[in-house]
Amino acid sequence: MSPDPPSTAGVDVDAGHILAYRLFDVAYAIDLAKAEDVWARTVRTGSTRGRLTMTPPKAVAFGVPPLALSLGTVTLAFPEGPLPAIATARLYEFGVVSIALRVAVERLSWAALAQRLNAVDRVVGPTPATGLWTDLLDRVRQGVGDGLVRPTASTLEEDYLVGVATAFSEQMTAEAVIARLDLVPLLSGEQRPLSDSARRDLLRHRYSYYTDDLVVLTWDRAFIYEPRGDADVIDVLEVANAQLLEMRYYDELLDAELPRMYNLVEAARRRWSLPGARRFADLARRLYAMVAEVTELTEKVDNALQVTEDVYLARIYAAALELYRVPTVSAAVDRKLSIIRDTYTALYDEASGSRSGLLEIIIVVMIAVEIILAIIR
């Protein structure tokens, strides 16, 4: 028989919060300095440049600190009544906007916390809350104006839920949290009991640094116990989700580009004529520009967070990237870029060959003309 899940009797969450994230790809890039200036002049609410709060910059730092914006308070309609949520946005230079809704938690039983988090998921999930997220995103777009460089119409999104406990009704170690609290309903959103193997898989990615802190990661949710109020782990998870979103964007972009590239190459070959070298050269330049552009942006995405000396955050960051399949999507982008590079090289060689052939024909014609003129004279 399967062991019973841990008993949560007598353990309450005295303080904490629930974070619901939605990340959007909005532009080729974001000029953060200009966006901050426009926001300050037009919206006139708080903005800051992000940094990890509890970690020395030498150990972990943003490649380019994102711009954090305050969006005020919104009201979420829960079955038990309306609850306020603090809305914030964070802008990354590689074109991603992350919007977060923070719902405060006070004096809830552990079971009630799991129920509240699942209720947040239902209220702000993809279908019923489309208008809420769209309204907040429109406020960001309008507030930063031309700080968005080459805005896109991409519909790609990523969402993530985090339950955070900063104080329990009694002293709790990480081991006690695992042993006494059933994390599965919070992390899975499931109401039915899970099998032993499913429970093990769900709790596999858990990490602690001190005896009284804990991070448990899943594909679309996380639980964090952090009595010191350190938000660095949350920031790291947000960056990893932003990297996943941007890599997905470039993967889809290249997926659409490869068939188009093949068609253009075939069309250029079918219409071969004396100006064919120019067509090949123009197509090669276009492909080279695309490779350079995508490579530049993917390097910015890869370097969004630099982890050197903080081994704990490095482990969580690496686990999050692996769990979200960022290396897999990144490898797919690299393969498609390699195909385009090879095509560029082939087109360049064909263009060079066409030019050489054309020059040889011109030289032969000139020699023939000289011979004819000599004979006539």
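Here we summarise the structure given alongside this text. Just so it is clear, the structure is predicted and the values come from calculations on it, not from any experiment. (Residues numbered from 1 in each chain as written. Predicted model: local features only at pLDDT ≥ 70, side-chain atom pairs only at ≥ 80, totals over all residues. Heavy atoms only, no water.)

1. Quick look at the overall build of the protein
Alright, step 1. Scanning the protein for helices and strands turns up ten helices and 13 strands.
Alright, step 2. Residues counted as buried form 46% of the 377 residues belonging to the protein.
Alright, step 3. In the protein, 77% of the contacts between residues at least 6 apart in sequence involve partners at least 24 apart.
Alright, step 4. As presented, the protein carries roughly 19,000 Å² of accessible surface, and 55% of it is formed by carbon and sulfur atoms. (Helix = DSSP H or I, 4+ residues; strand = E, 2+ residues; numbered from the N terminus. Buried < 20%, exposed > 50% of the residue type's maximum accessible area, 1.4 Å probe, protein only. Contact = heavy atoms within 4.5 Å. Areas by Shrake-Rupley, 256 points an atom, 1.4 Å probe, with all protein chains shown as cover.)

2. So, the side chain of E246
Alright, step 1. As for its placement among the helices and strands, E246 is situated in helix α7 (residues 232–270).
Alright, step 2. If we ignore the near neighbours within four places in the chain, the residues touching E246 are D25, F94, V96 and V301.

3. Concerning the environment of A165
Alright, step 1. The topology assignment puts A165 in strand β9 (residues 157–168).
Alright, step 2. A165 gets classed as buried once you look at its relative accessible area, which sits at 0%.
Alright, step 3. Separated by 151 residues in the primary sequence, A165 and D14 have C-alpha atoms spaced 8.0 Å apart.
Alright, step 4. Those residues in contact with A165, other than ones at most four positions away along the chain, are V13, A15, G16, F223, I224, Y225 and E226.

4. As for the environment of F223
Alright, step 1. Turning to its location among the elements, F223 is positioned in strand β12 (residues 221–225).
Alright, step 2. With a relative accessible area of 0%, F223 lands in the buried category.
Alright, step 3. For the pair formed by F223 and V162, sequence separation is 61 residues and the distance between their alpha carbons is 5.8 Å.
Alright, step 4. If sequence neighbours within four positions are ignored, F223 has contacts with W110, G163, A165, F168, V177, L183, L186, L187, L214, V215 and V216.

5. What about a nonpolar patch on the surface?
Alright, step 1. A cluster of nonpolar side chains, I361, V365, V369, I372, L373 and I376, forms an exposed patch at the surface whose accessible area comes to about 540 Å².
Alright, step 2. Residue position: V369 is located in helix α10 (residues 326–376). (Patch = residues over 30% accessible without salt bridge, like charges linked within 9 Å, V, L, I, M, F, W, Y side chains within 5 Å. Salt bridge = Lys/Arg side-chain N within 4 Å of Asp/Glu carboxyl O.)

6. A few points about the pairing of strand β1 (residues 12–25)
Alright, step 1. With eleven of 14 residues buried, β1 lies mostly within the body of the structure.
Alright, step 2. Bridging between β1 and strand β7 (residues 96–109) involves 13 bridges; their strand directions are antiparallel. Along β7, the bridge assignment pairs F24 with V97.
Alright, step 3. Pairing geometry for β1 and β9, over eleven bridges, is antiparallel. (Pairing = 2+ DSSP bridges.)

7. Quick look at the pairing of β12
Alright, step 1. The buried count for β12 comes to five of five residues, which makes it a mostly enclosed element.
Alright, step 2. In the sheet, β9 pairs with β12 via five bridges, with the strands oriented parallel. Note on β12: the bridge partner recorded for V164 is I224.
Alright, step 3. In terms of strand pairing, strand β11 (residues 214–217) meets β12 through four bridges, oriented antiparallel. Paired with V215 across the strands is I224, a residue of β12.

8. Quick look at the environment of F24
Alright, step 1. Structurally, F24 can be placed in strand β1.
Alright, step 2. In this structure F24 comes out as buried when scored by relative accessible area, which is 7%.
Alright, step 3. Contacts of F24, omitting those with residues within four sequence positions, involve G95, V96, V97, I99, W133, L137, L156, E157 and L245.

9. A word on the nonpolar core
Alright, step 1. In terms of nonpolar packing, the biggest core is built from 59 residues, with L91, F168 and F223 touching the most fellow members.
Alright, step 2. Ranked by residues supplied to this core, first place goes to helix α2 (residues 110–123) with seven residues.
Alright, step 3. A222, M290, V301 and I340 belong to the second largest nonpolar core, which has 55 residues in total. (Core = buried A, V, L, I, M, F, W, Y, C linked by side-chain atoms within 4.5 Å.)

In short, the description is geometric, and any link to function would need to be established separately.
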